[in-house]
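# Inside the fold
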Amino acid sequence: MDQKRNSRWGVTLVAAALLIMAAANLYSISQINGLRQELNAVNAELSSTVEALQNGLSSVYEEFQNSLDRTKEELRDSIEREESVLAECKVEVGQYNSVANTVHVTFQSTPKVYKDGVNLLFMYTCDKNASVTLTGTRDDNGVFKAEADIPLCEVMNVKVVVNSGGVLYTETVEEALEVRKKVFLPLANEA
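Anyway, here's the lowdown on the structure attached to this text. (Residues numbered from 1 in each chain as written. Predicted model: local features only at pLDDT ≥ 70, side-chain atom pairs only at ≥ 80, totals over all residues. Heavy atoms only, no water.)

Another aspect to go through is a nonpolar patch on the surface. On the surface, a nonpolar cluster with roughly 300 Å² of combined accessible area is contributed by Val 14, Leu 18 and Met 21. Mapped onto the elements of the fold, Met 21 is located in helix 1 (residues 2-83). (Patch = residues over 30% accessible without salt bridge, like charges linked within 9 Å, V, L, I, M, F, W, Y side chains within 5 Å. Areas by Shrake-Rupley, 256 points an atom, 1.4 Å probe, with all protein chains shown as cover. Salt bridge = Lys/Arg side-chain N within 4 Å of Asp/Glu carboxyl O. Helix = DSSP H or I, 4+ residues; strand = E, 2+ residues; numbered from the N terminus.)

Okay, the sheet that holds strand 4 (residues 132-135) next. Reading across the sheet, the 4 strands line up as 4-3-7-8 and stay open at both edges, with antiparallel pairing between neighbours. At either end of the open sheet lies a strand with only one pairing partner, and these are strand 4 and strand 8 (167-178). Strand-to-strand twist in this sheet, taken as the mean axis angle between neighbours without regard to direction, amounts to 20°. Judged from the 4 bridges that link them, strand 3 (residues 118-126) and strand 4 form a sheet pairing that is antiparallel. Paired with Tyr 124 across the bridge in strand 4 is Val 132. (Pairing = 2+ DSSP bridges. Axes fitted to C-alpha atoms, helices over the stretch in contact; angles between N-to-C directions.)

This part is about the sheet that holds strand 1 (residues 86-97). In space, the 4 strands of this open sheet follow the order 1-2-6-5, with antiparallel pairing throughout. Two strands in the sheet have a free side with no partner beyond their single neighbour: strand 1 and strand 5 (137-138). Examined bridge by bridge, strand 1 and strand 2 (residues 102-111) share 9 bridges and lie antiparallel to one another. Residue pairing across strands places Leu 86 opposite Pro 111, the latter belonging to strand 2.

Here we take up the side chain of Thr 102. Relative to the helices and strands, Thr 102 resides in strand 2. Once you skip the residues sitting within four places of it in the chain, Thr 102 turns out to touch Gln 95, Tyr 96, Asn 97, Asp 149, Ile 150, Pro 151 and Leu 152. (Contact = heavy atoms within 4.5 Å.)

Another aspect to go through is the packing of aromatic side chains. Remark: the centre distance and the inter-plane angle together describe each pair of aromatic rings, the angle taken between the planes. Under the definition given, this model contains 2 aromatic pairs. Through a chain of ring-to-ring contacts, three or more aromatic side chains come together here, namely Phe 107, Phe 122 and Tyr 124. (Phe/Tyr/Trp six-rings, centres within 6.5 Å; stacked < 30°, edge-to-face > 60°.)

Here we come to the nonpolar core. Phe 107, Tyr 124, Ile 150 and Met 156 are the most contacted members of the largest nonpolar core, which totals 24 residues. Of all the elements in the fold, those that place two or more residues in this core are strand 1, strand 2, strand 3, strand 6 (144-151), strand 7 (155-164) and helix 2 (179-190). The biggest single contributor to this core is strand 3, with 5 residues. Once you skip the residues sitting within four places of it in the chain, Met 156 turns out to touch Val 91, Val 105, Phe 107, Tyr 124, Thr 125, Cys 126, Ile 150, Glu 174, Glu 175, Ala 176, Leu 177 and Val 179. (Core = buried A, V, L, I, M, F, W, Y, C linked by side-chain atoms within 4.5 Å. Buried < 20%, exposed > 50% of the residue type's maximum accessible area, 1.4 Å probe, protein only.)

Right, here's the structure in full:
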């Protein structure tokens, strides 16, 4: 009987050890699953943070690039104004004459330096037509002005030529001025 008892005890001990091992395995598996879920949550949070940082850096880079482009453009404009022989220049597209199919245009420009004998010429081309030259008339304020009724065209290019004692300075003041749009866009907006 002692042998039977010892053998039951042995079986009981082995069964208890197996139950303890099974419980430990179940506990370990639940801990591993918990860690896996925690790791997935950290991974998702890290991915979200990295994406936000990338978007932020992309936005900062784009803003920096735009700022740099604006600064370059402002610097280019500043250099052009410094090198320009003109203090100001403007081209105004006026009324459209539907009978003659012309547009009234006013050219105005002021040279930076004026001496007696300085003449100012306005040269324009409409679309691919031949160049037309108008002589500017100087007013009491030093502004040279010329007006003309030009044929309605898509695009007009304007240059100003300053003749100072036989020395000519030519400057492009308008490239690809969209005359037709300047005439008809305001009419469309009024309707």
